[in-house]
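# Structural overview
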Amino acid sequence: MFRFISAALACAVAWSLVQARAAEPDVGAQSRPVTLKEAVARALDAAPALKARQELLTAAEAQLRQSTAFPNPTIDVELENAAGSGRFSNLDESELTVGVRQRIERGGKRDGRRSVAEAERDAAAIAHERMRLDVVLEARKAFIEVFAAKAALAVAETRFAAAREIETMAKRRVAAGRDPVTASLRAEIQAAEARTAREQAEHDLHNAKRTLAVLWGDPEAHFDVDGAALDPTPPERGKGVDEGASLDVAAREAAARRAAATVELEEANAGGDFTLGAGVRRFENGGDLAGVFSVSVPLTIFDTNRGNIDRAAAESRAAQLDVADARRRHAISLVAYEEDAARARAELETVRRDLLPRATSALAAARRGYAAGAFSYQEVAEARRILNELQDREVAALRAVHIAHANLDRLTGRSPFAQSDQGTTP
């Protein structure tokens, strides 16, 4: 009995440990670094606007199928010479006619509707791709902001650690009577400022992560980012080189094609359609049967559809002007983003290649001199301030380079992420 009770207790303890282990959050999974590709894929999966554009594309494809449909035939049933007076008071002298009428479209109306529907389908496809690139751009920018905030936090932590070290050094020199009390006070103030800057950097990182998580549809997500892909700068692009077609221009061109097709459709609508009919008539008086044939052609005397044609022509001319304006704006934006990328790249290279090494050497020399009593605290504080500013400039320049290249990719319709990336969230 004792062995049975002991075994039961052991099993109960083991089961409780298993349950407790299962209830613990998977910290490793939460802290696994998220790559840029994964961040974009999650944003694409969660974007309701992208799903809405997909539905609109489906609707445009359905409209294209509908545009080629023929008019439905009409069945006519007529009963004549009935419910009258005299010999027509009953159905003995009535005539029953049953026939079918079919409207025949003329002037290329069916082809015109199909051309308009094809242009609308193309516009919907372009709108879907534009929205996809917009979501990619938004996710890329949010990821870059997280990366920049994380780098800024690392700089702030280094700055705080250095300020604490200098504060300790200043206190020792003041205690030894080698510096005035004001040097220790200044060191304490700068350490407090560095602590505040670190706390602010932590808030900035938290807010940047929440912004990215909102794009995923999970504002409370816990994650870290893998900034390995953003640490090296993107390859330099030649100025004036438009590597891809601008979807903004393509959207205007699709609208112009639709407007031109609408003009042709309205011109086709100016021509009247004719209707063919055929049927059988039965005479109750004698039971004879006879065929009935008809042709109906409208006379385009009062309504020639001129107003609709002129309206469509004016809209077509306006659409062509919009295409020219879109191309001009595309060229202006391309120049602006290229200059932003070049400026940020030059700033980053200058800071990394020339300024940061010198500032780091200057601070090291100032600290050695201060420890040896050759320099005052002011020289160390100034060297530290210059290095801090250069580190901030490095993070800002790296962020600006990636933002500029993300804007260039969106502008030119180029994306480093294939459409197949959508839905690849692990």
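For the structure, see preceding data.
A brief structural summary. (Residues numbered from 1 in each chain as written. Predicted model: local features only at pLDDT ≥ 70, side-chain atom pairs only at ≥ 80, totals over all residues. Heavy atoms only, no water.)

A word on the overall build of the protein chain. Each helix and strand in the protein chain was counted, giving nine helices and six strands. Nonlocal contacts in the protein chain, meaning residues at least 24 apart in sequence, comprise 80% of its contacts between residues at least 6 apart. For the protein chain, the accessible area works out to roughly 24500 Å², and carbon and sulfur atoms hold 56% of it. (Helix = DSSP H or I, 4+ residues; strand = E, 2+ residues; numbered from the N terminus. Contact = heavy atoms within 4.5 Å. Areas by Shrake-Rupley, 256 points an atom, 1.4 Å probe, with all protein chains shown as cover.)

Looking at where Glu338 falls in the secondary structure, it is placed in helix H8 (residues 306–372). Overall, Glu338 belongs to the buried group, its relative accessible area being 11%. Distance in space between the C-alpha atoms of Glu338 and His405 is 8.1 Å, their sequence separation being 67 residues. (Buried < 20%, exposed > 50% of the residue type's maximum accessible area, 1.4 Å probe, protein only.)

So, about the packing of aromatic side chains. Per the stated rule, a full pass over the model turns up one aromatic pair. Above the face of the Phe160 ring, Arg198 is positioned so that its terminal group lies 4.5 Å from the ring centre. (Phe/Tyr/Trp six-rings, centres within 6.5 Å; stacked < 30°, edge-to-face > 60°. Lys NZ or Arg CZ within 6 Å of the ring centre and 35° of its normal.)

On to the pattern of salt bridges, then. Going through the model one piece at a time under the given rule, you end up with 35 salt bridges. Residue Arg410 pairs with Asp134 through a salt bridge whose shortest N-O separation is 2.5 Å. Of the two residues, Arg410 is situated in helix H9 (residues 377–411) and Asp134 in helix H5 (residues 109–175); the sequence distance between them amounts to 276 residues. Across the pair Arg311 and Glu315 runs a salt bridge whose closest N-O atoms are separated by 3.4 Å. (Salt bridge = Lys/Arg side-chain N within 4 Å of Asp/Glu carboxyl O.)

The subject of this paragraph is the layout of surface pockets. Here the second largest pocket is characterised by a volume of approximately 220 Å³. In terms of lining residues, the second largest pocket is bounded by 14 residues, among which Arg159, Gln190, Glu193, Arg384 and Asn388 are the most central. Counting residues per element, the ones that place at least two in the lining of the second largest pocket are H5, helix H6 (181–215) and H9. Looking at the lining of the second largest pocket residue by residue, the class counts come to eight nonpolar, two polar and four charged. (1 Å grid on protein atoms, 1.4 Å probe; cavity = no way out; pocket = protein on both sides within 12 Å on 5 of 7 lines; lining within 4 Å. Points joined across faces, edges and corners; volume = space filled by probe spheres on them. Nonpolar A, V, L, I, M, F, W, Y, C, P; charged D, E, K, R; others polar.)

What follows deals with the packing of H5 against H8. Contact geometry of H5 with H8 gives a least axis separation of 10 Å together with a crossing angle of 20°. For the element pair H5 / H8, the angle class is roughly parallel. The hand of the H5/H8 crossing is left-handed. Judged by residue contacts, Glu165, Met169, Ala170 and Arg173 of H5 engage Arg367, Tyr370 and Ala371 from H8. Taken together, the residues of the contact of H5 with H8 break down into four nonpolar, no polar and three charged. (Axes fitted to C-alpha atoms, helices over the stretch in contact; angles between N-to-C directions. Parallel < 35°, antiparallel > 145°, perpendicular 65-115°, else oblique. Left-handed = near helix turned anticlockwise from the far one by under 90°.)

With that settled, the discussion passes to the sheet that holds strand S5 (residues 274–283). Hydrogen bonding along the main chain pairs the strands of a sheet, whether they run parallel or antiparallel. Here four strands make up an open sheet; going across it, the order is S2-S3-S5-S6 and the pairing antiparallel. Of all the strands in the sheet, the pair left with one neighbour each is strand S2 (74–80) and strand S6 (289–296). When strand polarity is set aside, the average angle formed by the axes of neighbouring strands in this sheet is 20°. Sheet analysis places strand S3 (residues 95–104) next to S5, joined by ten bridges and oriented antiparallel. (Pairing = 2+ DSSP bridges.)

With 35 residues, H6 should cover 51 Å at 1.5 Å per step; its first-to-last C-alpha distance of 52 Å lies within 8% of that length. Among all positions in H6, only Ala183, Ser184, Ala187, Ala191, Ala194, Ala201, Leu205, Ala208, Leu212, Ala213 and Leu215 are buried. Packed against the buried residues of H6 are helix H3 (36–46), H5 and H9. Just beyond H6, the residue with positive phi is Gly217, at close to 80°. (Expected span 1.5 Å × (residues − 1).)

Right, let's talk about the nonpolar core for a bit. Grouped together as the largest cluster of nonpolar side chains are 34 residues, with contacts concentrated most on Phe143, Leu212, Trp216 and Phe223. Elements with a minimum of two residues in this core: H3, H5, H6 and H9. At twelve residues, H5 tops the list of elements feeding residues into this core. Listed in part, the 17 residues of the second largest apolar core include Tyr370, Val380, Ala381 and Ala383. (Core = buried A, V, L, I, M, F, W, Y, C linked by side-chain atoms within 4.5 Å.)

As far as function goes, none of this settles anything; it's purely spatial.
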